[in-house]
Amino acid sequence: MPRLSDKIVLITGAASGLGKADAWRLAEEGATIILTDINDEGAALAAEISASTGQQTRFFHHDVSDEDRWGEIMSAVIDEFGGLDVLVNNAGIAFIATPEDTTLEQFRLANSIMSEGVFLGCRAAIKAMKLRGGGSIINMSSVASHLGYPVFFAYSAAKGAVRSMTKSIAVHCQMNGYNIRCNSIHAGAIDTPMVQNTFAQMGLDLPTWISKTRMTRSGSAGRKMSQISFYTLPVTNRAL
């Protein structure tokens, strides 16, 4: 029997990049997959994954900064599946701007998606996971929450918030005996369309940029999928 055959998984930002890779991997491991994204190409992806793996999939158009939309989607998931087992807060956005260049509009937009969006997702997921007797929340943070990347100032600030938020949620769930784990993954530069497009705007390719930083190589979606898969297991709260 597939390892995740009884699991209901919701992945934000699932139409491309890491979210897309996560959706494929977890469906192949037997999970029912709910894909959400502002990019409606996710609907075709959901159908493709279902046809290939035989797993149930659903797609919802979703702005993760919209509190009401989180309520609507989670209500639909609860009504159809009786709750949620795994949430992957993956949706993100990146701007090329230093602390001096970043506009307030850019800063607020980055944080509305990657900080407020993660908060709203975690809050909604806790309610839905309690109905299933527990679950796993996986928040995509970044090495940018630890290191200084001035050209990605707003992104770094938002990912730092995700890192701290994850710890507080993990402790809250443990103290209340919810059997809900909350972990963050701190990836470096992953070779995805968003990352490629971002570096193209700077006139750089990813390997060239890597050579100018403290990182030794870029990551792949495949490696991150393995970590996401690991965190669906009943293990302790931690950061990776």
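Preceding this section is the structure that the text describes.
A short tour of the structure in this document, coming up.

What counts and what doesn't
Residues numbered from 1 in each chain as written. Predicted model: local features only at pLDDT ≥ 70, side-chain atom pairs only at ≥ 80, totals over all residues. Heavy atoms only, no water. Helix = DSSP H or I, 4+ residues; strand = E, 2+ residues; numbered from the N terminus. Buried < 20%, exposed > 50% of the residue type's maximum accessible area, 1.4 Å probe, protein only. Contact = heavy atoms within 4.5 Å. Areas by Shrake-Rupley, 256 points an atom, 1.4 Å probe, with all protein chains shown as cover. Expected span 1.5 Å × (residues − 1). Arc of directions from axis to C-beta. Pairing = 2+ DSSP bridges. Right-handed = clockwise from strand over helix to strand, strands pointing away.

**With respect to the overall build of the protein**
Okay, step 1: In terms of regular secondary structure, the protein is built from eight helices and six strands.
Okay, step 2: Secondary structure elements of the protein, listed N to C terminal, follow the sequence β-α-β-α-β-α-β-α-β-α-β-α-α-α.
Okay, step 3: Within the protein, the proportion of its 240 residues that are buried is 50%.
Okay, step 4: Long-range pairs, those at least 24 residues apart, make up 70% of the contacts in the protein with a sequence separation of at least 6.
Okay, step 5: If you sum the accessible surface of the protein, you get close to 11,000 Å²; carbon and sulfur atoms cover 52% of it.

**Some points on helix H2 (residues 42–53)**
Owing to its 3.6 residues per turn, the α-helix brings residues three or four apart onto one side.
Okay, step 1: Here H2 contains 12 residues, and its C-alpha end-to-end distance of 16 Å stays within 8% of the 16 Å for a straight helix at 1.5 Å per residue.
Okay, step 2: Those residues of H2 that sit buried are Gly42, Leu45, Ala46 and Ile49. Angularly, the buried residues of H2 cover 100 degrees about the axis, an arc narrow enough to put them on a single face. Relative to its buried face, H2 has exposed residues pointing more than 90 degrees away, namely Ala44 and Ala51.
Okay, step 3: On the buried face of H2, the contacting elements are helix H1 (17–28), strand S2 (32–37) and strand S3 (57–61).
Okay, step 4: Just downstream of H2 lies Gly54, where phi reads positive at about 80 degrees.

**A few points about the pairing of S3**
Okay, step 1: Pairing of S2 with S3 involves five bridges; the strand directions are parallel. Within the sheet, the bridge partner assigned to Asp37 lies in S3 and is His61.
Okay, step 2: In this fold, the crossover linking S2 to S3 by way of H2 has right-handed handedness.

**Some words on the pairing of strand S1 (residues 8–12)**
Okay, step 1: Along S1, five of the five residues are buried, which leaves the element largely enclosed by surrounding structure.
Okay, step 2: Side-chain alternation along S1 places Ile8, Leu10 and Thr12 on one buried face and Val9 and Ile11 on a second face that is also buried.
Okay, step 3: Bridge analysis of S1 against S2 gives five bridges, and the strand direction is parallel. The residue bridging Ile8 from the neighbouring strand is Thr32, located in S2.
Okay, step 4: For the crossover that starts at S1, traverses H1 and ends in the parallel S2, the hand is right-handed.
Okay, step 5: Bridging between S1 and strand S4 (residues 86–89) involves three bridges; their strand directions are parallel. Within S4, the position partnered with Ile11 by the bridge is Val88.

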